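Structure assessment
One-letter residues, chain by chain:
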Amino acid sequence: MVDNNITRHSFDVVVIGAGGAGLRAAIEARLAGKKTAIISKSLFGKAHTVMAEGGAAAAMGNVNSNDNWQVHYRDTIRGGKFLNNYRMAELHAKEAPDRIWELETYGALFDRTKDGKISQRNFGGHEYPRLAHVGDRTGLELIRTLQQKIVSLQQDDFREFGDYDARLAVFAETTITELILDDGKIAGAFGYRREDGEFLLFEAPAVILATGGVGKSFKVTSNSWEYTGDGHALAMRAGANLVNMEFLQFHPTGMVWPLSVKGLLVTESVRGDGGVLRNSEGKRFMFDYIPEVFKAQYATTEEEGDRWYTDPDNNKRPPELLPRDEVARAINSEVKAGRGTEHGGVFLDVSTRMKPEEIIKRLPSMHHQFKELADVDITKVPMEVGPTCHYVMGGVEVDPDSAESAVPGLFAAGEVSGGMHGSNRLGGNSLSDLLVFGKRAGEYAALHVDRLADARPVVSQEALDAAVAKALAPLVDDPSDGENPYTVQYELQDIMHSLVGIIRRAEELEDALVKIAEFKKRLANVRVGGGRKYNPGWHLAIDLHNMLLCSEAVAKAALERTESRGGHTRDDHGKMDPSWRKVNLVCSYADNGVALRRQPVPTMPHELLSLFERSELAKYLTDEEIAAFDSNGSKDGDKE
Amino acid sequence: MSTTRHFRVWRGDDEGGQLTDYDVEVNEGEVVLDIIHRLQATQAPELAVRWNCKAGKCGSCSAEINGKPGLLCMTRMNTFGEDQTVTVTPVRTFPVIKDLVTDVSFNYEKAREIPAFTPPADLKPGEYRMQQVDVERSQEFRKCIECFMCQNVCHVIRDHEENKEAFAGPRLFIRAAELDMHPLDARDDRKEFAKEEQGLGFCNITKCCTEVCPEHIKITDNAIIPMKERVVDRKYDPLTWLGRKIFRRDQLESGAK
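Each value, and the rule that gives it
Residues numbered from 1 in each chain as written. Chains lettered and ligands numbered in written order. Predicted model: local features only at pLDDT ≥ 70, side-chain atom pairs only at ≥ 80, totals over all residues. Heavy atoms only, no water. UniProt positions renumbered as here; feature names shortened; annotations may be inferred. Helix = DSSP H or I, 4+ residues; strand = E, 2+ residues; numbered from the N terminus. Contact = heavy atoms within 4.5 Å. Polar contact = N/O pair within 3.5 Å; in protein donor to acceptor, adjacent residues only side chain to side chain. Buried < 20%, exposed > 50% of the residue type's maximum accessible area, 1.4 Å probe, protein only. Phe/Tyr/Trp six-rings, centres within 6.5 Å; stacked < 30°, edge-to-face > 60°. Lys NZ or Arg CZ within 6 Å of the ring centre and 35° of its normal. Expected span 1.5 Å × (residues − 1). Domains from an automatic or database assignment. Buried area = accessible area lost by both parts, 1.4 Å probe. Salt bridge = Lys/Arg side-chain N within 4 Å of Asp/Glu carboxyl O. Axes fitted to C-alpha atoms, helices over the stretch in contact; angles between N-to-C directions. Parallel < 35°, antiparallel > 145°, perpendicular 65-115°, else oblique. Left-handed = near helix turned anticlockwise from the far one by under 90°. Nonpolar A, V, L, I, M, F, W, Y, C, P; charged D, E, K, R; others polar. Disulfide = S-S within 2.5 Å. pLDDT = per-residue confidence, 0-100. Pairing = 2+ DSSP bridges.

With respect to the UniProt feature "active site" (unreviewed entry) in chain A
Residues and elements named next belong to chain A. Per the UniProt record, "active site" (unreviewed entry) is annotated on Arg-324. Its location among the elements puts Arg-324 in helix α8 (residues 324–336). Filtering out sequence-adjacent residues up to four positions away, Arg-324 remains in contact with Phe-123, Gln-249, Phe-250, His-251, Pro-252, Glu-268, His-390, Arg-425 and Gly-427. In terms of polar contacts, Arg-324 uses its side chain to reach the side chain of Gln-249, at 3.0 Å.

Some words on the environment of A:Glu357
Residue and element names in this part refer to chain A. Mapped onto the elements of the fold, Glu-357 is located in helix α9 (residues 356–362). Residue classification places Glu-357 among the exposed residues on the basis of a relative accessible area of 54%. As for Glu-357 and Thr-379, which are separated by 22 residues in sequence, their C-alpha atoms are 8.2 Å apart.

Details of the packing of aromatic side chains
Residues and elements named next belong to chain A. Across all of its chains, the model carries 17 aromatic pairs over all chains by this definition. Ring centres of Phe-171 and Phe-202 lie 4.8 Å apart, and the angle between their planes is 85°; on these two criteria the pair is classed as edge-to-face. Placement of Phe-171 in strand β7 (residues 168–171) and of Phe-202 in strand β10 (residues 199–203) is noted, with a sequence separation of 31 residues between them. An aromatic cluster is defined as three or more aromatic residues linked by ring pairs; in this entry it consists of Phe-190, Tyr-192, Phe-199 and Trp-538. Taking NZ or CZ as reference, Arg-532 lies 4.1 Å from the ring centre of Phe-199, over its face.

Description of helix α4 (residues 138–161) of chain A
All names here are of chain A. Taking 1.5 Å of rise per residue, 24 residues should cover 34 Å, and α4 covers 34 Å from first to last C-alpha, within 8% of that figure. With respect to burial, α4 is a largely interior element, 19 of its 24 residues being buried. Looking one or two places after α4, you find Gly-162, whose phi comes out positive at around 75°.

Re the domain arrangement of chain B
All names here are of chain B. The domain boundaries assigned to chain B delineate domain 1 (2–102) and domain 2 (105–252). Residue-level contacts link 13 residues of domain 1 with 18 residues of domain 2. Of all residues in domain 1, Arg-92, Thr-93 and Phe-94 bury the most surface against domain 2, accounting for 48% of the area lost on that side. Taken together, the links from domain 1 to domain 2 amount to 2 salt bridges. In this structure, Glu-64 and Arg-158 form a salt bridge, with 3.0 Å as the shortest nitrogen-oxygen distance.

Brief notes about the domain arrangement of chain A
According to the domain assignment, chain A consists of domain 1 (249–390) and domain 2 (606–639). One C-alpha centre belongs to domain 1 of chain A, the other to domain 2 of chain A, and the line joining them spans 38 Å.

Focus: the packing of helix α1 (residues 20–31) of chain A against α4(A)
All names here are of chain A. Remark: α1 packs on α4, axes separated minimally by 9 Å, with the N-to-C direction vectors making an angle of 25°. By the angle between their axes, α1 is roughly parallel relative to α4. By crossing handedness, the relation of α1 to α4 is classed as left-handed. Across the interface between the two elements, Gly-20, Leu-23, Arg-24, Ile-27, Arg-30 and Leu-31 of α1 pack against Ile-143, Leu-146, Gln-147, Lys-149, Ile-150, Leu-153, Asp-156 and Asp-157 of α4. Tallied by class, the residues present in the contact of α1 with α4 amount to 7 nonpolar, 2 polar and 5 charged.

A short note on the state of the cysteines
Residue and element names in this part refer to chain B. Enumeration according to the criterion identifies 0 disulfides over all chains in this entry. Cys-73 supplies the cysteine sulfur nearest to Cys-61, a cysteine that is in no disulfide, at a spacing of 3.7 Å. No disulfide involves Cys-208; its sulfur sits 7.1 Å from the nearest other cysteine sulfur, which is in Cys-209.

Section: the confidence of the model for chain B
Residue and element names in this part refer to chain B. Confidence in the prediction for chain B averages 91 pLDDT; 89% of positions are at 70 or higher. Every residue in residues 248–257 is under pLDDT 50, and counting partners more than four places away or in other chains gives 19 contacts. Interface scoring of the predicted complex returns ipTM 0.92; its pTM is 0.93.

Regarding the environment of A:Ala446
Among the secondary structure elements, A:Ala446 is positioned in helix α11 (residues 429–452). Discounting chain neighbours no more than four positions away, the residues touching A:Ala446 are A:Val13, A:Ala32 and A:Lys34.

Considering the interface of chain B and chain A
By convention, interface size is frequently given as the accessible area that disappears when the constituent parts associate. Between chain B and chain A, the contact holds 65 residues from the first and 65 residues from the second. Summed over both sides, the interface of chain B with chain A buries roughly 5,400 Å², with 52% coming from carbon and sulfur. Contact with chain A buries surface across chain B, with B:Lys57, B:Arg112 and B:Arg142 losing the most and accounting together for 15% of the total. Summed over the shared surface of chain B and chain A, the result is 8 salt bridges. Across the pair A:Lys533 and B:Asp13 runs a salt bridge whose closest N-O atoms are separated by 3.9 Å. Between the two partners, chain B and chain A, sit 42 residue pairs in polar contact (both at pLDDT 80 or more). Every element with two or more residues in the side of chain B that touches chain A is listed here: α1 (32–42), β6 (96–98), α2 (105–113), α3 (132–142) and α6 (170–181) of chain B. For the side of chain B that touches chain A, the class distribution of residues is 30 nonpolar, 14 polar and 21 charged.

Considering the sheet that holds strand β16 (residues 383–392) of chain A
Residue and element names in this part refer to chain A. Ordered in space as β13-β16-β15-β14, the 4 strands form an open sheet in which the pairing is antiparallel. Looking at the sheet topology across the chains shown, the edges are occupied by β13 (248–255) and β14 (276–278). On average, each strand axis in the sheet is tilted by 45° relative to the strand beside it, whichever way the strands run. Strand direction decides the pairing type here: β13 and β16, joined by 6 bridges, are antiparallel. Its bridge partner lying in β16, Met-255 is registered against Val-385.

In structure tokens, the structure reads:
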């Protein structure tokens, strides 16, 4: 007997997602006096943010005083190949230091410089040492700090109201399956509690999406089970738009063996500290993959590359340290050409480059990870590595300042939002992104509630009944006639990996879209038994709707963009095309699927363009844009 | 290379349950969590298990494997003999919700009772200065991934439900120590709080918590013992005692509840 009772809660602001962005947003909304709920798909403090290793990028200038927001801005735009939303990148670069310093007032303990400030480390694409960090567990520090700040606010409320949850409540192991609208505005969110399957309705005029990414739709990924694109799909179904969905970051070095840990991240520091990539023939193949535009900055011989580690001023860096997209593509090509390892990767070797004690000292967690999980001693033998799906640049299109989507009352921050990183994200810019825009989303969601005053949207019974019916659809007493949700998931992951993966072709993308349409039909027939109590099969059956919608968005956008840029590589359109730089692909929801349209990329104002050399701009902009830049520049000159 | 292995997994809920037998495929290099996932995909779609990162970093998949507490994602199958039955049961100290999933809310409730980090009143954001050597002591405790296995093995509460009211457990003792050793925390009553409100005195230093910690935090030596020693120092210093009675009593109480 299924009990369809719904527990109703009423809040001002509901935050879906309890990673860095969600927790930071909730803190801000609560500080603005709003009654706030945090919906966490897992237990409190377990979100994917804990997996971040390197650090949070912020131009504090603690290690090199030449750093400032303009340099950080420039690096971010270069990393995104000039497709970034300029305003988001500007706000991010300007506000990241304050967001990091603020964490210290919450109790965070970052590693220190000699003069007692927050230490900062070098990372790919960042001109100066810029990443605030705690060893290689920065994400854990971030989430624990925010978690503890939330507890601290709850303690304040306990003292004032006698109830920890009076103004800030955490709903752990709770999944939102639908957003509910009233006349196009956010009215609430509907979902279930894992523990007992009970349905919950959160009536709230403001919802902040902070649900992370979509990586679980890929076979090889560094992402956890939660990364099913819930926020992306909820936003689309509510009428918001997604931008840049064709851009996925494949990190070049994930573990490939054993199968158990395939996709698990091997930090970029391995290469930074001297690790080299070799194919099965023992060749350092990266020297064959230096693109024309980078020829001037990278060593062309092994000897020179080796000298760089000890004498960086007089030698060029080895091509193992090319940007992530370049290295990932190269590894992929080597494996496809039959020069891969037994388990389909390439070798990443530090054992012949450093003494064992040095490796253990500089790469302790990598040493531990390979020893514990792969029986591989990286001080003696090479690691086997290959690309792994790591991050989606695309996400909900938001107003840069307020983080609000096209749907009134619906906000998005962190990985689920789009635009900030353009076509490729720099390492370290994710942890700072989620703090900067998490705070902004919380602040503006609170403002939205104030402006509504008593005119709050209302949840209709009809909408609620539909949400209940959809959630219950896969659940039956005897599932033997239906599709197994795990089978559909595995097949989807396989298709996305092989047809919409790191290198794409029109025919394969078309094929993928046909298959995704078939999966949708099969999804209607997915059946699960076992009732509503903590039933992972049922949860997966519901999540699959989101995975399929996001997969369709990625594949459609990838088919449309006939160029290669950042995290989107087309085998049949290998070049970067300046005319495509002016185009964002926007996905919206139509007919139970994805509608795609082109939209101009917001034009970067002259003052921000002027942060770059003209010669660099010429590599990215069209001739007309360069002419406009020149004429703007001469106008500036006239003023002076 | 794959073999068929015999598993016994506890299936049930708060009303009761039993070990259920499964024969399941096992491949080279797999961990116990892989096998649980294979059972879900092929034989038991509704089998409940908690997990996230599958890399030993989130602390979600704590369970007992052949009676020994461990993370399912870090327990390699090659640590068992090929003919050995692998028995997986939920952690014992917390109430079962379903199958391998337990109700760990005890730990979150205890965490809410410890007064939070109290920032120094005279420093603005960006003005904090600390030496690496000074933050390292607290950083050791901040490595905690909250797998709650230290709580699970602690004798004080493992088979003594009645002690849970008065005892916060090792996870929260390292939180207390972390704040006590934080170079800029403005409170100076962390040890008293641990003694009087967290039940530090129940701990009889058997070090089970330290042994089970997947992050190799020296819970007993570096947190519990220093906190105990200094509580003794302070308690018998008459001046400190007098000061506490006069000035800090109200703060102690407001922090406690």
